[in-house]
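Summary of the model geometry
Take a look at the letters that make up each chain.
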Amino acid sequence: MCASGAVTRSTLRQQIADALRDEVLAGRLLPGREFTVKQIAEQYGVSATPVREALFDLSAQGLLESDQHRGFRVHQFTVADYRAMVEARALVMDGVIRGVFHDPVPERRTDYRDALVSLRRRAEEAARAARSGDLDILIGYDLRFWRELGGLIGNGYISDFLHRLRVQAWVFAVPYLRGDADVRDWLWNGHAELVAAITHRDREALRAVIDGYNGHALSWADRLAEPEPGAEEDRGRS
């Protein structure tokens with residue numbers, strides 16, 4: 001009985017954490033939003049214990065901040081934080097690129113071929129959502145795409161680290177992208193080109209796609225850092 005109860009609670013804890021993370025990624029829980037364990041427990045109709053555990057899990061992932069007296073708050077990442085995420089991602093991906101080509105004949109492995117088929121399907125879905133500007137669909141497919149890509153190198157630590165960075169990057173980006181009339185211009189859609197480079201074992205093409213991906217993200221960060229039109233004049237008058 002105890003073992004069964006532990007599994008149930010653990011599952012509930014994960015379900016609550018996943019649901020709240022989806023709320024943040026969807027932009028329904030905006031950066032700076034505060035809430036308590038009691039409020040979330042009442043919202044989902046569950047006890048406080050799995051909620052508290054889920055909230056601490058999300059805090060450990062860098063998505064929430066905890067305050068002993070005020071509860072929890074959705075973490076507010078800055079443009080500098082986002083740039084640091086992209087730079088960290090670029091450094092790790094450089095090693096991933098080498099790892100993809102470490103096995104001289106991975107295409108002979110059935111699991112590798114199956115993984116590429118699934119990855120190609122994810123790439124098409126993610127790229128299609130990016131071109132249409134559908135954030136809700138894109139985020140889910142994009143996260144799954146990169147998760148599966150990380151699985152090709154068989155290093156769970158690297159895969160988990162990159163996944164955490166991507167979730168944080170999306171949490172930062174969503175509030176800006178939802179209010180951007182030119183959102184489709186800033187949604188990267190090179191997933192299929194990336195899979196093609198891996199499939200053909202073209203190291204230079206793969207590096208070019210990854211460099212373009214990171215450069216695209218940094219260009220968007222530069223755009224966000226630009227002062228709003230008239231901001232300099234307003235500061236001068238004040």
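Since this is a predicted model, take the numbers as computed values, not measurements. (Residues numbered from 1 in each chain as written. Predicted model: local features only at pLDDT ≥ 70, side-chain atom pairs only at ≥ 80, totals over all residues. Heavy atoms only, no water.)

Points about the pairing of strand 3 (residues 71-74)
Note the threshold: In short, DSSP must find at least two bridges between two strands for them to pair. By definition, any uninterrupted DSSP run of H or I lasting at least four residues is a helix, any uninterrupted run of E lasting at least two residues is a strand, and each is numbered from the N terminus.
Alignment of strand 1 (residues 34-35) against strand 3, held across two bridges, turns out to be antiparallel. Following the sheet pairing, F35 is matched in strand 3 by F72.

Digging into the packing of aromatic side chains
Short version of the rule: Stacked, edge-to-face and tilted labels apply to pairs of Phe, Tyr and Trp rings (six-membered ring for Trp) whose centres lie within 6.5 Å, assigned for plane angles under 30 degrees, over 60, and everything in between, in that order. Throughout this description, buried means an accessible area under 20% of the type-specific maximum (1.4 Å probe, protein chains only), exposed means over 50%, and partly exposed covers the range between. A ring has a charge above it when a Lys NZ or an Arg CZ is no more than 6 Å from the ring centre and no more than 35 degrees off the ring normal.
Evaluation of the coordinates by the stated rule reveals 10 aromatic pairs. Ring geometry for F172 and Y176: centres 5.1 Å apart, planes at 45°, overall tilted. With F172 and Y176 both in helix 7 (residues 156-178), this residue pair falls four residues apart, about one helical turn. Among the residues examined, Y176 registers a relative accessible area of 40% and is labelled partly exposed. Their ring planes at 75° and their centres at 5.9 Å tell us that F172 and W220 sit as a pair that is edge-to-face. Linking F172 in helix 7 with W220 in helix 9 (residues 203-225), this pair joins segments that are 48 residues apart in sequence. With a relative accessible area of 2%, F172 lands in the buried category. In textbook terms, an aromatic cluster arises when at least three aromatic residues are bridged by ring pairs, as seen for Y82, F172, Y176 and W220. The ring of W146 carries R166 above its face, with NZ or CZ at 3.8 Å from the centroid.

Points about the packing of helix 5 (residues 110-132) against helix 6 (residues 135-151)
Between two packed helices, both the angle of their axes relative to each other and the distance between the axes serve to describe the pair. Note the following rule: Lines are fitted to the C-alpha atoms to define the axes, a helix being fitted only along its stretch in contact, and any angle between axes, read from their N-to-C directions, falls within 0 to 180 degrees. Here is the rule for angles: anything less than 35 degrees is roughly parallel, anything more than 145 is roughly antiparallel, 65 through 115 is roughly perpendicular, and the remaining ranges are oblique. The crossing is said to be left-handed when, going from far helix to near helix, the turn is anticlockwise and less than a right angle, and right-handed when the turn is clockwise. In what follows, residue pairs with any heavy atoms lying within 4.5 Å of each other are defined as contacts. Each residue is assigned to one class: nonpolar for Ala, Val, Leu, Ile, Met, Phe, Trp, Tyr, Cys and Pro, charged for Asp, Glu, Lys and Arg, and polar for all the others, Gly among them.
The N-to-C vectors of helix 5 and helix 6 enclose an angle of 150°; their axes lie 8 Å apart at closest approach. When the interaxial angle is binned, helix 5 and helix 6 end up roughly antiparallel. The handedness of the crossing between helix 5 and helix 6 comes out as left-handed. Side by side, helix 5 and helix 6 meet where S118, L119, R122, A123, E125, A126, A129 and A130 of the first sit next to I137, L138, Y141, D142, R144, F145, E148 and L149 of the second. Here the residues of the contact of helix 5 with helix 6 are counted per class, giving 10 nonpolar, one polar and five charged.

So, the side chain of H75
Selection rule: What qualifies as a polar contact is a pair of N or O atoms within 3.5 Å, subject to a donor-acceptor requirement within protein and to the restriction that residues adjacent in sequence count only when both atoms come from side chains.
Residue position: H75 is located in the loop between strand 3 and helix 4 (79-100). Of note is the side chain of H75, whose polar atom sits 2.4 Å from the side chain of E65. If sequence neighbours within four positions are ignored, H75 has contacts with P31, G62, L63, L64, E65 and D81.

A word on the confidence of the model for the protein chain
Applied cut-off: Per-residue confidence from the predictor is given as pLDDT, running between 0 and 100.
For the protein chain, the average pLDDT comes to 86, and 87% of its residues sit at 70 or higher. Within the model, pLDDT remains below 50 along residues 1-7, and this stretch shows zero contacts once partners closer than five positions in the same chain are excluded. Residue range residues 231-238 is modelled with pLDDT below 50. Its contacts to residues more than four positions away, or to other chains, number two contacts.

Digging into the packing of helix 8 (residues 191-199) against helix 9
Helix 9 packs onto helix 8 with a crossing angle of 160° between their chain directions and a minimal axis gap of 8 Å. Between helix 8 and helix 9, the crossing angle belongs to the class labelled roughly antiparallel. Two packed elements cross with a definite hand, and for helix 8 against helix 9 that hand is left-handed. Each of E193, L194, A197 and I198 in helix 8 lies in contact with helix 9, whose residues at this interface are A205, L206, V209 and I210. Classifying every residue of the contact of helix 8 with helix 9 gives seven nonpolar, no polar and one charged.

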